[in-house]
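Next come the chains, spelled out residue by residue.
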Amino acid sequence: MKLKDYIGKVMHIQIINKENKYYISKAIGENISVYIMDDGDYEEQELIGKIEKCIIIDAIKGNLIGFLLTNRKFEN
């Protein structure tokens, strides 16, 4: 499957580590990496090692970019 075919799909991912502004994760059941942008909603220790649900929103330079679909934290 081409990377662009994943755009719009919901996947389960396991977050492995954080580099710069992105969390790097692996798709469950697939051999692909998904990058999740760190937008400050979560602390690092809340996500690393966890399995989360995300939607793939883009494929840039051979990498999939996803957005977490779990409950988000909002600051008032």
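Remember, predicted model here, so these are calculated numbers, not experimental data.

Turning our attention to the pattern of salt bridges. Overall, the coordinates contain one salt bridge when judged by the stated rule. K18 serves as the salt-bridge partner of D38, at 2.6 Å between the closest nitrogen and oxygen. Here K18 lies in strand β1 (residues 10-19) and D38 lies in the loop between β3 (33-37) and α1 (44-47), a separation of 20 residues in the sequence. On the accessibility criterion, K18 (27% relative accessible area) is partly exposed.

Next up on the list: the pairing of strand β2 (residues 22-27). A regular strand places its side chains so that they alternate between the two faces of the sheet. Both β1 and β2 contribute to a ladder of six bridges, which runs antiparallel. Directly across from K18, in β2, lies its bridge partner Y23. Taken together, β1 and the strand that follows it, β2, pair antiparallel across an intervening segment of two residues, in which N20 is found at a positive phi of about 55°. Of the pairings in the sheet, the one linking β2 to β3 comprises five bridges and is antiparallel in character. Within the sheet, the bridge partner assigned to K26 lies in β3 and is S33. Linking two consecutive strands that pair antiparallel, namely β2 and β3, is a turn of five residues; a positive phi of about 80° is found at G29 within it.

About the cut-offs
- Residues numbered from 1 in each chain as written.
- Predicted model: local features only at pLDDT ≥ 70, side-chain atom pairs only at ≥ 80, totals over all residues.
- Heavy atoms only, no water.
- Salt bridge = Lys/Arg side-chain N within 4 Å of Asp/Glu carboxyl O.
- Helix = DSSP H or I, 4+ residues; strand = E, 2+ residues; numbered from the N terminus.
- Buried < 20%, exposed > 50% of the residue type's maximum accessible area, 1.4 Å probe, protein only.
- Pairing = 2+ DSSP bridges.

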